[in-house]
Amino acid sequence: MKDDKLNVQEPVEYDILVKIKKEDVHILNYLLEAEDNVMNIRSFEGEYLKVIATKDTVVDAIRLLENVRSLVDLEIVALKPNNGSAG
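Just so you know, the residues in each chain are numbered from 1, in the order the chain's sequence is written. Thresholds applied to this predicted model are a pLDDT of at least 70 for local features of residues and 80 or more for the giving and counting of side-chain atom pairs; totals over whole chains, interfaces and linings are not thresholded and use all residues. Hydrogens and water are ignored here; the side-chain numbers use all heavy atoms of the structure.

Going by the annotation in an unreviewed UniProt entry, the name recorded for the protein chain is DUF4911 domain-containing protein, with Fervidobacterium pennivorans given as the source organism.

This is the structure:
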């Protein structure tokens, strides 16, 4: 048998869960619009905002979210691999 990875998929994108007040999401949207194609703000998943980024932009997305913390009160609480599923 070859040394192939069987049934193992590399994540296509990542879900970044962000703790933020709902009333501050619009400010975050305005700030992030300047950085085209880095991440996409989805919706709240329980008490956390779900933001997605591709595997190629996830590091930039995290850095950008950390930088806007000086303007918007937020906290990155989780980073989860996602194989492109909408759920």
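Back to the text.
Draft legend 1. Molecular detail of the nonpolar core. What is meant by a nonpolar core is a set of buried Ala, Val, Leu, Ile, Met, Phe, Trp, Tyr and Cys residues, joined one to another through side-chain atoms within 4.5 Å. Burial here depends on accessible area, computed with a 1.4 Å probe over protein chains only, as a share of the maximum for the residue type. Under 20% is buried, over 50% is exposed, and the range in between is partly exposed. Counting residues in hydrophobic clusters, the biggest one holds 20 residues, and the most contacted among them are Leu28 and Met39. For this core, the secondary-structure elements that each account for two or more residues are β1 (13–20), α1 (25–32), β3 (48–54) and α2 (58–67). Residue contacts are defined here by distance: any two heavy atoms, one from each residue, within 4.5 Å place the two residues in contact. The residues touching Met39, leaving out its near neighbours within four places in the chain, are Leu32, Val51, Ile52, Ala53, Ala61, Leu64 and Leu65. Numbering of helices and strands starts at the N terminus; helices are DSSP runs of H or I of at least 4 residues and strands are runs of E of at least 2.

Draft legend 2. Quick look at the pattern of salt bridges. Each reported salt bridge corresponds to a side-chain nitrogen of Lys or Arg within 4 Å of a carboxyl oxygen of Asp or Glu. Scanning the entire structure with this criterion turns up four salt bridges. As a salt-bridge pair, Asp15 and Lys50 come within 3.7 Å of each other at their nearest N and O atoms. Highlighted residues: Asp15 in strand β1 and Lys50 in strand β3, separated in sequence by 35 residues. The same class applies to Asp15 as to Lys50, namely buried. Here Lys80 and Glu45 are joined by a salt bridge, their closest N and O atoms 3.5 Å apart. Here the residue Lys80 occupies a position in strand β4 (residues 74–82), and Glu45 occupies one in strand β2 (residues 40–45), the gap between them amounting to 35 residues. What makes Lys80 partly exposed here is its relative accessible area of 33%. Sharing partners across several salt bridges, the network here consists of Asp15, Glu45, Lys50 and Lys80.

Draft legend 3. Region of the structure containing the sheet that holds β4. Taken in spatial order, the four strands line up as β2-β3-β1-β4 in an open sheet, and their pairing is antiparallel. Both outer strands of the open sheet, β2 and β4, are each paired with one neighbouring strand and no more. Strand-to-strand twist in this sheet, taken as the mean axis angle between neighbours without regard to direction, amounts to 30°. Note: two strands are recorded as paired if DSSP finds a minimum of 2 bridges between them. To obtain an axis, a line is fitted to C-alpha atoms, over the contacting stretch when the element is a helix, and the angle between two such axes runs from 0 to 180 degrees between their N-to-C directions.

Draft legend 4. Spatial organisation of α2. Among the residues of α2, Val58, Ala61, Leu64 and Leu65 are the ones counted as buried. Within α2, the buried residues cover an arc of 120° as seen down the axis, which keeps them to one side. Counted as exposed and oriented over 90 degrees from the buried face of α2: Arg63 and Asn67. Where α2 is buried, its residues touch β1, α1, β3 and β4. By arc we mean the arc of the directions from the helix axis to the C-beta atoms, nothing more.

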